[in-house]
Amino acid sequence: MRFRILCAVAAVAVVVCHPSTAFALKFSSSFESIHLDARRGDTQTRSFTLTIAKEEHATRFRSKIEDWWTTEDGKQSFYRPVGTVARSCGKWVTINPVEAIVQPGGTLEVRVTISVPRDAATGGYWSVLTVDELPPPGPRAGVAMQFLASISVGIFVNVDPVIRSARIDGVRLAGDEAAVRVRNTGNAPLSVEGRFEFLRKGQQQPVATLKLPKTTLVLDPAPVRLISAKLPAAAALPSGHYLVRAILDVGLDHYIGAQKEMDIRREQPARAPVR
Amino acid sequence: MHTRVVRLVFLSLAVLLPVAAFAQVTVTLPDTSQTTTLTANVTEQATVTVPATVAFTVNNVSASTNSASQSVTTSNVVLVDAKSLKISLQANAANFTAPAGGGTTWAASDVTWNAATWSNSGVGATGTLSNLAFNTVATCAANTSCSTTNLLFTLGAKSTVARAGAHTLVVTWKFESI
């Protein structure tokens, strides 16, 4: 009996201590950005929740407010200390708790309180709430990467009057992607959504449409975004000469658009050799 | 005397109550269909599972070393229309931490990953690890699940590494839908 217990303990120890064992972290989280239309002097509180799976171990999390932006193509995200971005609302935000241990199956609720100063200039401001998993103590063996999880949700505060304005800088096709370059010319972050339409000359109805991903367009340091999407299949959009029209909804009472005549060349699937 | 006062109060109430009953106003009900709209306000959410460690078995420092295939899973991805969940990686330091005795070790930028196949509408992207920015690993649209089992990390060759032991680097998975 003792031998069996010893074997079981040894087996567990090997699994726990082995450097290449990849324990996963599983959790459910809210990804809802906080949007606030506020007046100077207003204070509002919202919350963020994260629940770790029952089979997980107790995990420590630390929350913080950061500034955020992306590269023009959206493939890189930058998170920096509050104040890096000119229109950061990070200094107006307090969070509670800052650090907490969440038990298996437990939920972390972070209260986010936003107090708009009485002397805040009008326009839109943004920052993000980041909740980081903290590393468990203990040395690691072997050549390895230790992973931690982090979730970020946007915080957007508009102090009226807000000027929403955007301009399309270009429409282009590259490979199997269509892209529209859009610039924020207002004083607040914009939520941009829209579509491409591909029309034959002289026709009113598009041959194909292409939905664009919903994108947040901030101001400095990243007031320009290239919003792209993969072209429809060649069967739906065959090679040819098209009027390519980009139509964007940036939250105004009208859409903004741009169109350009372009040749689209689709690659034909290789034919099997004839014997 | 007390009894008289109580009687007086009852009398007053009796006189006043009918007056209150007459003070009614006829209003038009906004909806006579007798229906109730039930609204479920669903917030944007997702469940994610990420590996906690990835080991590289480096038998030859002059050649690149692949990790085992890694699984990353997102499920119950609930987002507003046309939004996506971005999964990216950033190193917490510019270099691995070398074992006791120090010496040369790998830079974070020596780690790359493949464009893994993601289920449903997930789109994988190749990338190089950086400690300055989160580089995209995949984007997932709203869906029941978006997962991969063939994400492969590669640690580049570094023939100048001369110390055996633990070379470790902490790396952060970022999940965002901003």
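All figures in this text were calculated on a predicted structure; none of them were measured in a lab.

**Concerning the overall build of chain A**
For chain A, the count of helices and strands is 1 helix and 17 strands. For chain A, buried positions account for 45% of its 275 residues. Contacts spanning at least 24 positions in sequence make up 66% of the contacts within chain A whose residues lie at least 6 apart.

**Quick look at the interface of chain A and chain B**
Taken together, the contacts link 47 residues of chain A with 49 residues of chain B. When chain A packs against chain B, close to 4100 Å² is buried across both sides, 54% of that on carbon and sulfur atoms. Put simply, chain A and chain B have 1 salt bridge between them. Connecting chain A to chain B are 31 residue pairs in polar contact (both at pLDDT 80 or more). Within the residue set of the side of chain A that touches chain B, elements represented by two or more residues are β1 (24-30), β4 (59-70), β5 (76-81), β9 (123-133), β10 (143-159) and β14 (208-217) of chain A. Taken together, the residues of the side of chain A that touches chain B sort by class into 23 nonpolar, 17 polar and 7 charged. Looking at chain direction, β5(A) and strand β9 (residues 134-141) of chain B are connected through 2 bridges and run antiparallel. The residue of β9(B) that forms the bridge with Q76(A) is N135(B).

**Description of the pairing of strand β12 (residues 177-184) of chain A**
Residues in a regular strand project their side chains so that they alternate between the two faces of the sheet. Residues and elements named next belong to chain A. Direction of pairing for strand β11 (residues 166-174) relative to β12: antiparallel, over a ladder of 8 bridges. Counterpart to G170 in the pairing with β12 is R181. Linkage of β11 to β12, two consecutive antiparallel strands, is achieved through a turn of 2 residues, within which G175 is found at a positive phi near 60 degrees. Here β12 pairs with strand β15 (residues 224-230) via 7 bridges, running antiparallel. Residue pairing for β15: V180 is matched across the bridge by I227.

**Looking at the domain arrangement of chain A**
Residues and elements named next belong to chain A. Domain boundaries in chain A define domain 1 (2-159) and domain 2 (166-264). In this assembly, 16 residues from domain 1 lie in contact with 13 residues from domain 2. Around 1100 Å² of area is buried between domain 1 and domain 2 when both sides are counted, 63% of it from carbon and sulfur atoms. Linking domain 1 with domain 2 are 1 salt bridge. Between R181 and E72 there is a salt bridge, and its shortest N-O distance comes to 2.6 Å. Put simply, domain 1 and domain 2 have 5 residue pairs in polar contact (both at pLDDT 80 or more) between them. Looking at which element gives the most residues to the side of domain 1 that touches domain 2, the answer is β9, with 4 residues. For the side of domain 1 that touches domain 2, a count of residues per class yields 6 nonpolar, 7 polar and 3 charged.

**Concerning the sheet that holds β12(A)**
Sheet strands line up and pair through hydrogen bonds in the backbone, either parallel or antiparallel. Residues and elements named next belong to chain A. Reading across from one edge, β11-β12-β15 is the order of the 3 strands in this open sheet, with antiparallel pairing throughout. Unpaired on one side and paired on the other, β11 and β15 mark the two borders of the sheet. Shown here is a sheet whose adjacent strand axes are inclined to one another by a mean of 20 degrees, direction ignored.

**What about the side chain of T215(A)?**
Residues and elements named next belong to chain A. Of note, T215 is situated in strand β14. Within polar-contact distance, the side chain of T215 engages the backbone oxygen of P213 at 3.0 Å. Excluding residues within four positions of it along the chain, T215 makes contact with L190, S191, V192, R225 and I227.

**Considerations on the state of the cysteines**
Residue and element names in this part refer to chain B. With the rule as written, the count across this model stands at 1 disulfide over all chains. The disulfide partner of C140 is C146, and the S-S distance across this bridge is 2.0 Å. Across the S-S bond of C140 and C146 the torsion is about -65 degrees, and the bridge reads as left-handed. Accessibility classification places C140 together with C146 in one group, the buried group.

**Quick look at the packing of aromatic side chains**
This structure, assessed with the given rule, holds 11 aromatic pairs over all chains. Centre to centre, the rings of F198(A) and Y242(A) are 6.5 Å apart; their planes meet at 85 degrees, and the pair counts as edge-to-face. In this pair, F198(A) sits in strand β13 (residues 190-199) while Y242(A) sits in strand β16 (residues 240-249), placing the two residues 44 residues apart along the sequence. We note that F198(A), like Y242(A), is buried. Each residue in the set F147(A), W113(B), F153(B) and W173(B) is aromatic and connected to the rest through ring pairs, giving one cluster. A cation over a ring is seen here: K174(B) above Y79(A), with NZ or CZ 4.0 Å from the ring centre.

**Side note on unusual backbone geometry**
For the peptide bond that leads from D160(A) to P161(A), omega is 0 degrees, which places it in the cis range. Phi at A82(B) is positive, roughly 75 degrees, even though this residue is not glycine. Inspection of the secondary structure assignment puts A82(B) in the loop between β4 (70-78) and β5 (84-91). The class for A82(B) is partly exposed, based on a relative accessible area of 22%.

Thresholds applied
- Residues numbered from 1 in each chain as written.
- Chains lettered and ligands numbered in written order.
- Predicted model: local features only at pLDDT ≥ 70, side-chain atom pairs only at ≥ 80, totals over all residues.
- Heavy atoms only, no water.
- Helix = DSSP H or I, 4+ residues; strand = E, 2+ residues; numbered from the N terminus.
- Buried < 20%, exposed > 50% of the residue type's maximum accessible area, 1.4 Å probe, protein only.
- Contact = heavy atoms within 4.5 Å.
- Buried area = accessible area lost by both parts, 1.4 Å probe.
- Salt bridge = Lys/Arg side-chain N within 4 Å of Asp/Glu carboxyl O.
- Polar contact = N/O pair within 3.5 Å; in protein donor to acceptor, adjacent residues only side chain to side chain.
- Nonpolar A, V, L, I, M, F, W, Y, C, P; charged D, E, K, R; others polar.
- Pairing = 2+ DSSP bridges.
- Domains from an automatic or database assignment.
- Axes fitted to C-alpha atoms, helices over the stretch in contact; angles between N-to-C directions.
- Disulfide = S-S within 2.5 Å.
- Phe/Tyr/Trp six-rings, centres within 6.5 Å; stacked < 30°, edge-to-face > 60°.
- Lys NZ or Arg CZ within 6 Å of the ring centre and 35° of its normal.

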